[in-house]
Amino acid sequence: MHPKEIPVSQFTYNLPEDRIAAFPLEERDASKLLVYKDGNISEDVYKNISNYIPENSLLVFNNTKVIQARLLFQKATGGVIEIFCLEPYEEAKEYNLVMGKKGSVKWKCMIGGASKWKPGTFLNRGNGGIEITAALADKLPDAYIVQFSWQPAGHSFAEMLSLFGDMPLPPYIKRKAEATDKERYQTIYAVHEGSVAAPTAGLHFTENVFASFDKKNISKAYVTLHVGAGTFKPVKSDVLLGHEMHSEWIDVAAATIELLISNAGNTIAVGTTSLRTIESLYWMGVKTILNNSISADELPITQWSVYEAPLVQTNYTVAEALQSLLQWMKKSRMQRLFTYTQILIAPGYQYKIAKAIVTNFHQPQSTLLLLVAAAVGNHWKEIYDYALQNNFRFLSYGDGSILFTE
């Protein structure tokens, strides 16, 4: 069956409201860990995760950093307009450049109360002699373009979000963000600002866990995928064909791709975002084999391309695909690959690089649950039943699992 034809109703389960974690545990690595390997399910806690990872493995982490993307402005009449920053609306999409911009910037946003915000009117907020202004610049079919400007203009947009923004907790966490969320809705290795949602599989890792990896010669590599709000977009169509997968920007160093080559067969993805990134790299490499003069604009992976000709007809090794990608980058004088992926990983997909995935428990009928099902087949039902029956906490602030692919 082509994934387009998959009935989404096959990937649902009953998730009681009280099983959704509203707050994180006091200790990150005290979260429960479900282990699935060779058809067997067991449980432990994250501080012992190294016991379940083979020696000499490579763990791939997403080092994106969540921005305080939710901005509240009070109108002169007393009403509140909420602006949720989704992604830059700039010619230069590289997030470090956009976040460092001074004086003015345009972002694609969602707006709560948009009908009460008349075009041509400005929203203002001030704090300690710094003032930020928001103006509606344009309307898109699914969002708005907002022009932000601020004084003094010497400050960066990253500073503006830090000063005026709130942490964008997921919609299923039904409470306001608190001061502690600024730390806890962020991995300890977060570096590059740009996500509007945390790569939540990484929230469980601590320096003590990292120290336990060193004892087993387990290596770490980092990629950057800036998580968009589309990660929470439910699949509302009867079959996958009716669902448009969200695109996300990735940033990967050539040195990281070399690590993936030297650790082929021993790579574990920490989180669905890391997984989507490294699997996309494989297919981008295949594209460069099929066309070594491919342009940067043709390199991104679209929603269905890995299931259709010509990609689905190929069978290159990880080393062949990634070496070709490195050669293409070298020819293009790139030390880092900055592009986007729309890859949809669903049952029928054969994992190319990842031999296991560390991940939290996901919403019913979500593309993230479909990704898990691609890894473990119909065993996802047993895994989720076990988690529900054994008091695991679900979703972003919940517990997690390490799942070895079938």
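In this text, all values refer to a predicted model and were calculated from it rather than measured experimentally.

1. Details of the pairing of strand 14 (residues 267-270)
For step 1, the next point in the chain: Burial along strand 14 is two-sided: the residues Thr-267 and Ala-269 and Ile-268 and Val-270 are all buried.
For step 2, the next point in the chain: Relative to strand 14, strand 3 (residues 58-62) is paired through three bridges, and the arrangement is parallel. From the neighbouring strand, Leu-59 faces strand 14, where its bridge partner is Ile-268.
For step 3, the next point in the chain: Of the pairings in the sheet, the one linking strand 14 to strand 16 (residues 354-360) comprises four bridges and is parallel in character. Of the residues in strand 16, the one forming a bridge with Thr-267 is Ala-354.

2. A closer look at the pattern of salt bridges
For step 1, the next point in the chain: Scanning all chains against the criterion turns up seven salt bridges.
For step 2, the next point in the chain: In this structure, Lys-108 and Asp-142 form a salt bridge, with 3.6 Å as the shortest nitrogen-oxygen distance. Of the two residues, Lys-108 sits in strand 7 (residues 104-112) while Asp-142 sits in the loop between strand 9 (130-139) and strand 10 (144-151), which places them 34 residues apart along the sequence.
For step 3, the next point in the chain: By relative accessible area, which is 56% here, Asp-142 ends up exposed.
For step 4, the next point in the chain: Arg-276 is paired through a salt bridge with Glu-248; the nearest N and O atoms lie 2.3 Å apart. Within this pair, whereas Arg-276 is found in helix 6 (residues 272-290), its partner Glu-248 is found in strand 13 (residues 248-253), the two being separated by 28 residues in sequence. In terms of burial, Arg-276 and Glu-248 fall into one category: buried.

3. Focus on the packing of helix 6 against helix 7 (residues 318-331)
A pair of packed helices is captured by two measures, namely the crossing angle of their axes and the spacing between those axes.
For step 1, the next point in the chain: Viewed as axis vectors pointing N to C, helix 6 and helix 7 meet at an angle of 70 degrees, and their least axial separation amounts to 7 Å. Considering the angle they form, helix 6 stands roughly perpendicular to helix 7. In this structure, helix 6 uses Leu-281, Tyr-282, Met-284, Gly-285, Val-286, Thr-288 and Ile-289 to contact helix 7, whose residues at the interface are Val-318, Glu-320, Ala-321, Leu-322, Ser-324, Leu-325 and Trp-328.
For step 2, the next point in the chain: Taken together, the residues of the contact of helix 6 with helix 7 break down into ten nonpolar, three polar and one charged.

4. Details of the side chain of Ser-237
For step 1, the next point in the chain: Considering the arrangement of structural elements, one finds Ser-237 in the loop between strand 12 (219-225) and strand 13.
For step 2, the next point in the chain: From its side chain, Ser-237 meets the backbone oxygen of Val-239 in a polar contact 2.6 Å long.
For step 3, the next point in the chain: The residues touching Ser-237, leaving out its near neighbours within four places in the chain, are Val-8, Gly-242 and His-243.

5. Topic: the packing of aromatic side chains
For step 1, the next point in the chain: Applying the stated criterion across every chain, the model contains 29 aromatic pairs.
For step 2, the next point in the chain: For the ring pair Tyr-46 and Phe-205, a centre distance of 6.1 Å and an interplane angle of 75 degrees mean the geometry is edge-to-face. Remark: Phe-205 occurs in the loop between strand 11 (192-195) and helix 4 (207-215) and Tyr-46 occurs in the loop between strand 2 (40-45) and strand 3; sequence separation between them is 159 residues. Neither residue differs from the other here; Tyr-46 and Phe-205 are each classed as buried.
For step 3, the next point in the chain: An angle of 35 degrees between the planes, with centres 6.1 Å apart, marks the rings of Tyr-189 and Phe-210 as tilted. In this pair, Tyr-189 sits in the loop between helix 3 (181-184) and strand 11 while Phe-210 sits in helix 4, placing the two residues 21 residues apart along the sequence.
For step 4, the next point in the chain: Put simply, the rings of Phe-11, Tyr-13, Phe-361, Trp-380, Tyr-384, Tyr-386, Phe-392 and Phe-394 pair up and form one aromatic cluster.
For step 5, the next point in the chain: Here the basic side chain of Lys-139 rests over the ring of Tyr-144, its NZ or CZ set 5.3 Å away from the ring centre.
For step 6, the next point in the chain: In this arrangement the basic side chain of Lys-220 is found over the ring face of Phe-210, its NZ or CZ atom lying 4.9 Å from the centre.

Here is what the cut-offs are and how they apply
- Residues numbered from 1 in each chain as written.
- Predicted model: local features only at pLDDT ≥ 70, side-chain atom pairs only at ≥ 80, totals over all residues.
- Heavy atoms only, no water.
- Buried < 20%, exposed > 50% of the residue type's maximum accessible area, 1.4 Å probe, protein only.
- Helix = DSSP H or I, 4+ residues; strand = E, 2+ residues; numbered from the N terminus.
- Pairing = 2+ DSSP bridges.
- Salt bridge = Lys/Arg side-chain N within 4 Å of Asp/Glu carboxyl O.
- Axes fitted to C-alpha atoms, helices over the stretch in contact; angles between N-to-C directions.
- Parallel < 35°, antiparallel > 145°, perpendicular 65-115°, else oblique.
- Contact = heavy atoms within 4.5 Å.
- Nonpolar A, V, L, I, M, F, W, Y, C, P; charged D, E, K, R; others polar.
- Polar contact = N/O pair within 3.5 Å; in protein donor to acceptor, adjacent residues only side chain to side chain.
- Phe/Tyr/Trp six-rings, centres within 6.5 Å; stacked < 30°, edge-to-face > 60°.
- Lys NZ or Arg CZ within 6 Å of the ring centre and 35° of its normal.

The values are spatial; any link to function lies outside them.
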